[in-house]
Every structure is written in structure tokens, then in C-alpha cells.
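The chain contents come next:
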Amino acid sequence: MQIIHNTMNISYNWLKDYLSFDMNPSEIASALTSTGLETGSVEEVQTIKGGLEGLVTGKVLTCADHPDSDHLHLTTVDTGAGEPLRIVCGAPNVAAGQKVIVATVGTTLYDGDKEIKIKKSKIRGQESFGMICAEDEIGIGTDHSGIIVLPDDTPVGMPAKEYYKIEPDYILETDITPNRVDGTSHLGVARDLAAYLKQAGKPYVFKKPSVETFRIDDPSPAISVEVKNAEACIRYSGVTIKGVTIKESPEWMKNRLTAIGLRPINNVVDITNYVLHEMGQPLHAFDAGKIKGNKIVVNTVPEGTKFITLDGVERTLTDRDLMICNIDEPMCIGGVFGGLDSGVTEQTKDVFLESACFNPTWIRKTARRFGLNTDSSFRFERGLDPNQTIYVLKRAALLIRELAGGKITGDIQDVYPHKVEPFGVDITYKKINTLTGKEIPVETVKSILSSLEIEIASETPEGLSLRVPVFRYDVRRDVDVIEDILRIYGYNNIEFSDHIRSTLSFQTATDKNYKLENLISEQLCGAGFNEILNNSLTRSAYYDALSAYPAANCVMLTTPLSADLNAMRQTLLFGGLQNVEFNIKHRHKNIRFFEFGNCYSYSEDRRKEGESLSVYKEEYRLGLWISGNRVENNWAHPDEKSSVYELKAHIENIMRRLGINVEKLILDRSDSDIYSSGMTVVTPSGRTLGTYGVVSRSILKTMDIENEVYFAELSWDALTKETKKYRATFEDIPKFPDVKRDLALLIDKSVTFADIKKIALESERKLLKDVVLFDVYEGRNLLPGKKSYAVSFYLQDREKTLNDRQIDSIMSTIQKNLEEKLGAQLR
């Protein structure tokens, strides 16, 4: 299975808000990688391009009009470094006595990717030794209406990077596997790093943001909450904050967000993004004035309801999409995306802050339906801790009160019908030591568990009973806990033994089967085939009309991503036909495909008491697909269409390569409805090795394929079992010649050559070596419903020369059996 990784940008400076340590960014990256949070790169970033190097604060001492311009000014500016600078400035708001930002000579400013070097210059005949800057010119804002005017108490000569608190930062690009949702926040990464530092014996202090100062400022009733769908909404918490002022965020917060690649919007929205990346808990801020009825209703809406999301796109909802509504209408797709008309704007005065925990399956399905992948849905899909919603809500509310003002109004609304408790896991020291390959000291085990916030509920001399915190969604078994212990203890601390206990020549059955698989793959590639690999998930609708593979035998998924991937495949056929259809539409009509893959089925007939998995069957198979021309555009050979006989030849070559005696195999007519005409390959003992034939026209029509397709499906498990029975042997070339006898047989059109061959071989098992069809005639001078087969029979005795009496007796027996069993007549 392929593991999908998502990257998380971790700010080195931001990490230090929660964890004090003495390690450089590269060392931190190595430490995180060793704990399972693989860090691919460490990149130095500047929240403002150039880092404001060369920019200082200054004071405008004098300001006079330029003698040769109606809008320029001649100024002298004290920058705290010797003589005041003469600077020509065109800003309309420049005036004496102002504190300003000055770009001195030699400073480089940036306009996008364009660099602007500040030089000594003459402007309308007046020398200028620098530039007084506007916001957009140094990258701290977008305003160009005038120069930046700083507060009067700003010191002169202070580097601008100190004034704006610009410090170099490093971004650690961390790969997050689907099971590590606890690593999708700075606090979660800090927790893992603290555990590493504790185990490594390095000094550290780990602290979480405090919410002790949280209080309700106004007890008046505010927005209330009702959850009508408790399955989809595990917990919903919220609080109202009235009288906020929407404005830009302070520089420190904008720097934090910009460093990890987020665009600051306004103070309230920025706080929700900040806390999301701080604690891993998505938040949503509603304009409380737009919540009709002062009530939040968490529920689904009728199928087909139209809803416009924040990106301006109108979407059609289903009755399986959880919506955050007011009393009249939906306002937000819960856990996925906000609505266009309910979010915070510059006119917002009151805010309702949401901190919730939603069902991962509901969120994943909704996000896939609408093709949305947001920071919120990414986390909710993987499962979050419902027990942290109040803590995170208080943290965000305190930041809003600090940065946007306002009063926290009314009680916290909290709907949590079924509390999720920590998960109980029992582990033994013996199993820890067995799986890790080393005897880890008991105190070390306890220390690691404590640093990972895994509570030890009780202990015995043999092991521990643990309570795993809910935020560790991926830790549910003792082996999961042991993996956590090992990644913090350090994989590199597990020594290799000096002794190798292995037999290098030993091969398991799996090794042998893999070798045979490669052998046949190489043979097929050499014969012009291409290998394909399809998803084991398929559409159950393919099987609705089939009797060979009934829909009732499909292994269905309980939570499918879509109707196209709602069942496990029973046959390799349909995946290969999709490949055939794709290639034909792209003008690749001559097709030779093969695929190895598992097929699955369900049957109540296989149920055994006490064995829940007995109703399921998994079988490894080899599929072959042929379509188009066998020969095309060849000067030495006319164009020739592929046929089922070509497919049969490839099947026989596979059998021979595996050491199976093809001559002893029995071909029976297949009654499978995936074929319009098909055969079953059976061993003399009755084991079915596979089927092949012409794919049914109805199936081809369903797949939008007009060409004939020839398909074979062989049981690889059965083939490998059959292979074990055969051994390569050597024998002398026969000293006595074989004898050939021909029969021209008039038979019913329904009779196949396989029927003739089977009866002939059953009639003479010892001396009949081969039966070959060398001519077929259907046409004039034959009775209706009849055809003529010309068949050669090869007889041989390795010990002596056959005489005519023996030969005639054998041929007479064969002829008689063909007449009795098939109604054959000699022509």
C-alpha cells in the first residue's frame, strides 16, 4: 500500500514559544526525523524580503519645498549616525518633527522580484542621500499614500528590523503520515521533541499556552447551540465575543503566519489560523450579526439545497453533508469550508467562535464530494481530540479579546452528548523487549510514556495498564504503544548482534512464487505484452447482471469513497477492460495486457462456526487481455487479426514454462457469462486452473468497446500448487517411430475440438500421445447444423514398434467412443 504524506511547515521560532532548547534548526530536523516526523528540508525565510537590512528609524529635522518642483520636499533627517542626511522626498504627508523609516545609501529594496538599490542621486538639481519610505516600499504593507509616520517616542537610529521585530526564521518541512494527526501543529511537534530531549538527557522546558485568565465579561445570554445530528458532530463548543474591532493583526502574528506560507487577512481570521497551526484544532469565526435567531443549529439539510461557499462557488448539498446553520439557512459546511455570507468582514462587530469535533468519515466524504481539501478538513478527516475543544476555544477567545477588543459574552456553549474517554491498552515488558530486540529499562519505558502524555493507570511486575490520550488517534494496540516507545528511545540505539542467525540459501514458498511470477512476467513481456496494475476496488454495478460472479458475492466496503469504488473486485476482467477502452480511444488498438492481482469474494455457504472470516475468500490470479491485430503493416506478412487461439497459445506457453504437462490438461466448455464462447482448463484430478475465451458482447458494450477482446483468467495459486507436482526429467529419444492416423469427422456445430480430444485421450491413455486438429470445414454439401473436422491421432510405444492390429484396435475404440458420445460420423 502506498503511504500518502502531507507536508507541514514548522517555524523554528514559533516552536521556541512552547519549548526551550539549545539546538540549531538542522539538529531539530534530525531529532524530529528520528522520532518519526520526517523533516525533508530546512529553509531560512524572511517574513519581509531583505529582512529590512539597511533601514533605520529617523527624525525629520527640517522640511522645505523644492525650489524646482510643486510636489517635492527638501528634508534633513537625523538617523543617529553623524551628520543629518539631506533627502528629497515626494510624499505629501512629510513634515518636520516626524519619526520615519529611512533607507540609507546602499540599501536594497524589493518590488516583487525587482531589486532597487538606494544610491546618492540628484533630483531636480538637489542632492539626495537616501529615501524616506512608505509601507509598500519596504514590504510591511500595501499603503502608498504617504510615508510611514512612527510614534513620537520611537528612538532614532534603531534598525527597522528591531522596530518591527523582524528576526530570521527557519522553516522545517515535516512529512505527516495519515496516522499522525497529532503532528499537524506546532504544539504537537513540540511535545514529540520534548520527549526526544528528555530521553537524550538534554535540557528543555515544555510549556503550553495558559488560559487561566479566561473569564466571562458579560453574563448576558448570547448565541445558543443545538446539535441535531450527534453522529456527525461529536462535540460542538462555542462562545460569543461582542464589540470587537476588525483590523490588521500585529506584526508578530503576521510574521508567524507569513513564515509558514499563510496570508494575513484580519485580526480575527488570523487568530483562527494561528491557533489552528498552534494546536491543530480548526476554528471558525462567524459574524454573530448574521446568525438569524441568535441560534446555531448543527444538522444536515434537504438533498439538492444550493449553498454558496467562501470561494463564490454555488454547490449542491446532499443529505449527508453536515451544515452549520442558523434558524433559517445553512452558513457553513461543517469542518470543510465556510459560507460566503456568514464570515467576518471589516463591518463585523460581534463574533461567534466555533471549536468543534466532527466525525472523520462524514468530513472525508463531504470534502471528496466537493473536491475540497482545506486545512480544517485535512485534520478532521484524520480524527481530532474532542476533549480539547474548550481549551482551544478559550485560547482563541483570549487572543481575540487582546488583539480585537470586545467582551466575552454569555456562557460557553458546549454540546458533548457522549464523552470520549482515553483508550485503555495493556503492555508487557516481555513483548516490548521481544519486538524491539532489546531490553529497555523499565524506568526508561515509564519516562517515555510520561513525556508522550500516556498515563500509567496501574502496573505489575510484568507490565503496565495505560490510558492513551484521545489526541493519539493512531494508538489503540500494545504494538502501537511499543512503536511509540521505540521511536522516542531511538531506532539507532538498537544494536545489531554480532551473530547472523540465518540460512542464506533458504527460500520460503512466497519467495518461490515471486520468482515464478517474475519468470512468467518476463516471458509475457518478451511476447509483446505490457503489464498493468489496477485498483482492487471496483464498482459493484459491474456484477449486477452476472451469474458467474453474482453481485451478492461482492465484498462491499462499509464506507466507500464513491459508487465507483464501493466493492472489492471478484475478477480482474473489468479493470483490464477499462485499460483496453482507454487505449483504444487513444488510438492504441493492438493490445496485449497482463496483470497479477488478488480477487475477493463473499459467500455465506463457506461460513464456519466461530470463524468470522470464513465467508471471505482471497485468490491471487493472472489475467491476459488481447485485442486488435496480431500482425499489422508488415511487408512480409498480410494483416492478421488476433484470435482466441493466439490467447490459447500464450496460456499453453505459460503452463509449459511452469513445468505443467499441457497434453494432460482437460479443456471443458465454460458456462461463465463473461464469455460469449469460453473454455475451462482443468487438471486430470479435477482442479480448475483457469478460463479463457471471447469476452461477452454485452460486457464490451457496457465498457464502450467495439472491438473483440479475448480474455484469460488463471488461478495463480492453483498453478503454483500444480507446479510442485512436476519435476524436470530427462529421457532418451524414442527408438521406435510414432504412427499417425487421420479421421475426417462429421459432427454437430456445438461440438468442440476439446470434446474430441478429451474423449480420445480417455479412450487410450497409454499409447495415444497427441491429438491435432488440422482442418475445419463448414459449408456446402454438409447437413444443416453440421461441420467437418479433420483430426490427426499420434500413437507411439517406446518399447517396440506398433503393429497394424494394435493400431486398428485403438482407432476403432476411439471412433466408437466418438460416435457414441458425440454423435460423430466418418466422412
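Residues numbered from 1 in each chain as written. Predicted model: local features only at pLDDT ≥ 70, side-chain atom pairs only at ≥ 80, totals over all residues. Heavy atoms only, no water.

**Let's talk about helix α14 (residues 509–526)**
Helical geometry note: an α-helix holds 3.6 residues per turn, so side chains three or four residues apart project in the same direction. The condition that has to hold: Strands are runs of DSSP state E lasting at least two residues, helices are runs of H or I lasting at least four, and both sets are numbered from the N terminus onward. For a helix, the expected span equals 1.5 Å multiplied by the number of residues minus one. Buried means the residue's accessible area, taken with a 1.4 Å probe over protein chains only, is under 20% of the maximum for its type, while exposed means over 50%, and partly exposed covers the values in between. By arc we mean the arc of the directions from the helix axis to the C-beta atoms, nothing more. Any two residues having at least one pair of non-hydrogen atoms within 4.5 Å are treated as being in contact.
In this model, α14 (18 residues) spans 26 Å end to end at C-alpha, consistent with the 26 Å of a helix rising 1.5 Å per residue. The set of residues buried in α14 consists of Leu516, Glu517, Ile520, Ser521 and Leu524. For α14, the arc enclosing every buried residue in end-on projection is 140°, short of the 170-degree limit, so these residues lie on one face. In α14, the exposed residues that point more than 90 degrees away from the buried face are Tyr514, Lys515, Glu522 and Gly526. Contact partners of the buried residues in α14: β33 (591–602), β34 (616–627), α16 (644–657) and α18 (716–723).

**Let's talk about the packing of helix α6 (residues 251–259) against helix α7 (residues 267–279)**
We apply this condition: For helices, the fitted line uses only the C-alpha atoms of the stretch in contact; every axis is such a line through C-alpha atoms, and the angle between N-to-C directions lies from 0 to 180 degrees. With respect to orientation, any angle under 35 degrees is reported as roughly parallel, any angle over 145 as roughly antiparallel, any angle of 65 to 115 as roughly perpendicular, and every other angle as oblique. By definition, any crossing whose near helix is turned counterclockwise from its far helix by less than a right angle is left-handed, and any crossing with a clockwise turn is right-handed. Throughout this entry, Asp, Glu, Lys and Arg are counted as charged residues, while Ala, Val, Leu, Ile, Met, Phe, Trp, Tyr, Cys and Pro are counted as nonpolar. The remaining residues, Gly among them, count as polar.
Where α6 contacts α7, the two axes come as close as 10 Å, and the packing angle between them is 50°. Comparing their axes, α7 and α6 come out oblique. As for the relative orientation of α6 and α7, their crossing is left-handed in sense. Only Asp270, Ile271, Asn273 and Tyr274 of α7 make contact with α6, whose side of the interface consists of Trp252, Met253, Arg256 and Leu257. Split into classes, the residues belonging to the contact of α6 with α7 amount to 5 nonpolar, 1 polar and 2 charged.

**Focus on a positive patch on the surface**
The criterion, for reference: Patch members must show over 30% relative accessible area and no salt bridge, and they are joined within 9 Å when carrying like charges or within 5 Å when they are nonpolar side chains of Val, Leu, Ile, Met, Phe, Trp or Tyr. Surface exposure here means Shrake-Rupley accessible area, sampled with a 1.4 Å probe, where a residue is shielded only by the protein chains that are shown. Whenever a carboxyl oxygen of Asp or Glu lies within 4 Å of a side-chain nitrogen of Lys or Arg, that contact is scored as a salt bridge. Positive residues here are Lys and Arg, negative ones are Asp and Glu, while His and the chain termini are left out of the count. Every charge is mapped onto a representative atom, which is NZ of Lys, CZ of Arg, CG of Asp or CD of Glu.
Together, Lys512, Lys617, Lys721, Lys724 and Arg727 make up a region of like positive charge exposed at the surface. The residue Lys512 is located in helix α14 in this model. The partly exposed category is assigned to Lys512, whose relative accessible area is 46%.

**Notes on a nonpolar patch on the surface**
A contiguous nonpolar surface patch, about 250 Å² in accessible area, is contributed by Ile308, Leu310 and Leu340. Structurally, the position occupied by Leu340 is in the loop between β23 (337–338) and β24 (350–358). Residue classification places Leu340 among the partly exposed positions, given a relative accessible area of 41%.

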